[in-house]
Every structure is written in structure tokens, then in C-alpha cells.
Amino acid sequence: ALKYLAQGYSVLPVLPGDKRPAMEWKRFQEEYASDEEVKQWWQKWPDANIGTPLGGGRFALDIDPRAGGDDTLFALERQYGPLTHTLMSHTGGGGNHYIYLEPASGILNKAQVGQGIDVQGLGSYIILPPSIHPDTGKTYAWDVVDGPDDIEPQPAPDWLLALLTVPAGQGGQPAKAVAAPGAPIPLGIQENT
């Protein structure tokens with residue numbers, strides 16, 4: 001957790017072998033804990049998983065193959081082009097977290113881009129390696145090619161941003177994601193759009 005903090009990630013303790021935060025975490029979306037706070041948290045919860053709040057510069061595309069995420073991503077990439085290489089971790093549940101730079105316009109947190117794909121932005125967090133997945137007991141791990149020693153978060157491809165950015169003048173997040181005018185309409189949100 002201290003290493004992530006030194007690398008510019010806000011961190012929070014997540015209950016051991018769980019995905020629920022061990023404490024109230026919302027303020028760490030906008031501020032960073034001190035080294036001393038992080039040390040105290042891990043003294044209190046020595047086996048805690050490590051979470052990082054998103055928004056404020058980063059968002060994650062969370063692909064869950066158990067819910068059809070691989071198939072949805074394959075269909076989207078076939079239709080619009082590949083995802084750009086970016087920082088990526090493998091979840092303990094067999095999925096992937098693609099971590100991208102957040103555009104200045106922001107993204108629609110929890111946007112529905114298709115079955116098995118979650119968008120994690122401001123108001124959410126992801127679990128970081130080497131945390132333990134609650135269902136499988138497997139460890140989260142950085143990708144050997146697109147891990148933190150190899151790549152920083154990159155801008156998302158334009159087609160993905162078109163699906164995730166807040167259209168101008170909306171003034172807030174809609175209840176359901178819709179494609180921006182002129183943007184590709186992905187599987188799962190055709191009716192919303």
C-alpha cells in the first residue's frame with residue numbers, strides 16, 4: 001500500500017479476502033492518506049486487500065468473463081477496433097482491469113457498455129495486486145507485459161471515450177448510459193440510446 005501511495009495512487013484498506021472497504025473511504029477520492037495513516041490501517045488490518053479510489057485522473061474498465069465480459073469485449077473490438085495498450089491487472093476472478101487516463105470531461109461511472117463489463121470511475125474503486133479475491137481465493141496480479149513496470153495508464157481509444165463521456169450540457173450522470181450523438185452504440189445500451 002505504501003508503494004502504491006508513493007507511485008501516486010490513493011489507497012484504502014479493503015477487508016481481508018473481500019471487496020468491501022474496511023472503513024469510510026469517500027474522502028480518499030479527493031485526498032491522499034498520509035504514510036502514517038496507511039501504516040496504522042495495515043497495523044489494524046494486516047491482511048487487508050488494497051483498494052484504490054478512481055476518478056481524479058484514472059478510470060478502469062473491469063472485464064468479468066464469468067458474466068460474459070470477454071465475449072462483449074471481443075464484439076466491441078471487432079466492431080470498433082482494439083483497446084489501446086494500457087496498465088492492466090488480472091483479477092483473482094479471472095477478469096482484467098484496464099486502467100486508463102480519465103478525460104477532462106469525466107466519464108460515466110457504472111456506464112453500461114455491455115454484459116460483463118463495468119466502468120469504474122469517480123465514486124468507485126478497484127482492488128489492486130496482490131490482493132486476494134473473495135470468491136476464488138486467487139491473487140490479483142499485474143500483467144507481465146502491461147504492468148506498472150512497463151506502462152503507465154494511457155488514454156482510452158476514442159470509440160470507448162465516446163461511450164463513456166458525459167455529453168455536453170447534461171449537467172450530471174444519467175440513470176442509464178447512452179451513446180453520445182454520433183458515437184457507436186454498443187451492445188447492451190441500444191434501447192437507452
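Residues numbered from 1 in each chain as written. Predicted model: local features only at pLDDT ≥ 70, side-chain atom pairs only at ≥ 80, totals over all residues. Heavy atoms only, no water.

## A short note on the environment of Lys 138
For Lys 138, the position within the fold is in the loop between strand 7 (125-128) and strand 8 (141-142). For the pair Lys 138 and Gly 94, spaced 44 residues apart in the sequence, the C-alpha separation amounts to 8.8 Å. Each residue touching Lys 138, except ones within four places of it in the same chain, is listed here: Gly 92, Ser 131, Ile 132 and His 133. (Helix = DSSP H or I, 4+ residues; strand = E, 2+ residues; numbered from the N terminus. Contact = heavy atoms within 4.5 Å.)

## A few points about the pattern of salt bridges
This structure, assessed with the given rule, holds five salt bridges. Between Asp 18 and Arg 20 there is a salt bridge whose closest N-O contact spans 2.7 Å. A salt bridge links Asp 135 to Arg 66, with the nearest nitrogen and oxygen atoms 3.9 Å apart. In this pair, Asp 135 is assigned in the loop between strand 7 and strand 8 and Arg 66 in the loop between strand 3 (58-63) and helix 3 (69-80), connecting sequence segments 69 residues apart. (Salt bridge = Lys/Arg side-chain N within 4 Å of Asp/Glu carboxyl O.)

## Overview of the sheet that holds strand 7
Sheet architecture is open: three strands sit in the order 1-2-7, paired in antiparallel fashion. Both edges of this open sheet fall to strand 1 (12-14) and strand 7, since each of them pairs with a single strand only. This sheet shows a mean twist of 40° between the axes of neighbouring strands, independent of strand direction. Across four bridges, the pairing between strand 2 (residues 49-53) and strand 7 is antiparallel. Considered in strand 7, the bridge of Thr 52 is made with Ile 126. Packed onto the sheet, helix 2 (residues 35-44) meets strand 1 and strand 2 and runs at close to 10° relative to strand 1. (Pairing = 2+ DSSP bridges. Axes fitted to C-alpha atoms, helices over the stretch in contact; angles between N-to-C directions.)

## Points about the side chain of Ser 131
Mapped onto the fold, Ser 131 is located in the loop between strand 7 and strand 8. A distance of 2.8 Å separates a polar side-chain atom of Ser 131 from the backbone nitrogen of Ile 50. There is a polar contact of 2.6 Å between the side chain of Ser 131 and the backbone oxygen of Leu 128. Apart from residues lying up to four places away in sequence, Ser 131 is in contact with Asn 49, Ile 50, Lys 138, Thr 139 and Tyr 140. (Polar contact = N/O pair within 3.5 Å; in protein donor to acceptor, adjacent residues only side chain to side chain.)

## Some details on the layout of surface pockets
Its volume calculated, the largest pocket comes out at about 300 Å³. Lys 19, Asp 62, His 97, Gln 120 and Tyr 140 are the residues nearest the centre of the largest pocket, which is lined by 21 residues in total. Every element with two or more residues in the lining of the largest pocket is listed here: strand 3, strand 6 (117-120) and strand 7. Of the residues contributing to the lining of the largest pocket, the split by class is seven nonpolar, eight polar and six charged. Estimated volume of the second largest pocket: approximately 160 Å³. Along its surface, the second largest pocket is lined by 15 residues, and Gln 29, Tyr 32, Gly 55, Gly 56 and Arg 58 are the ones closest to its centre. (1 Å grid on protein atoms, 1.4 Å probe; cavity = no way out; pocket = protein on both sides within 12 Å on 5 of 7 lines; lining within 4 Å. Points joined across faces, edges and corners; volume = space filled by probe spheres on them. Nonpolar A, V, L, I, M, F, W, Y, C, P; charged D, E, K, R; others polar.)

## Side note on helix 3
An ideal rise of 1.5 Å per residue puts 16 Å on 12 residues; helix 3 measures up with 16 Å between its terminal C-alpha atoms. Buried residues in helix 3 make contact with strand 3, strand 5 (96-101), strand 6 and helix 4 (158-164). In the segment just after helix 3, Gly 81 is the residue with positive phi, at about 120°. (Expected span 1.5 Å × (residues − 1).)

## Some remarks on the packing of aromatic side chains
This structure, assessed with the given rule, holds six aromatic pairs. Centre to centre, the rings of Trp 25 and Tyr 125 are 4.9 Å apart; their planes meet at 75°, and the pair counts as edge-to-face. Of this pair, Trp 25 sits in the loop between strand 1 and helix 2 while Tyr 125 sits in strand 7, placing them 100 residues apart in sequence. The residues Trp 25 and Tyr 125 share a single accessibility class, namely buried. An aromatic cluster of at least three residues, connected via ring pairs, comprises Tyr 4, Tyr 9 and Trp 142. Lying over the aromatic face of Tyr 9, Arg 58 brings its terminal NZ or CZ to 3.8 Å of the ring centre. (Phe/Tyr/Trp six-rings, centres within 6.5 Å; stacked < 30°, edge-to-face > 60°. Buried < 20%, exposed > 50% of the residue type's maximum accessible area, 1.4 Å probe, protein only. Lys NZ or Arg CZ within 6 Å of the ring centre and 35° of its normal.)

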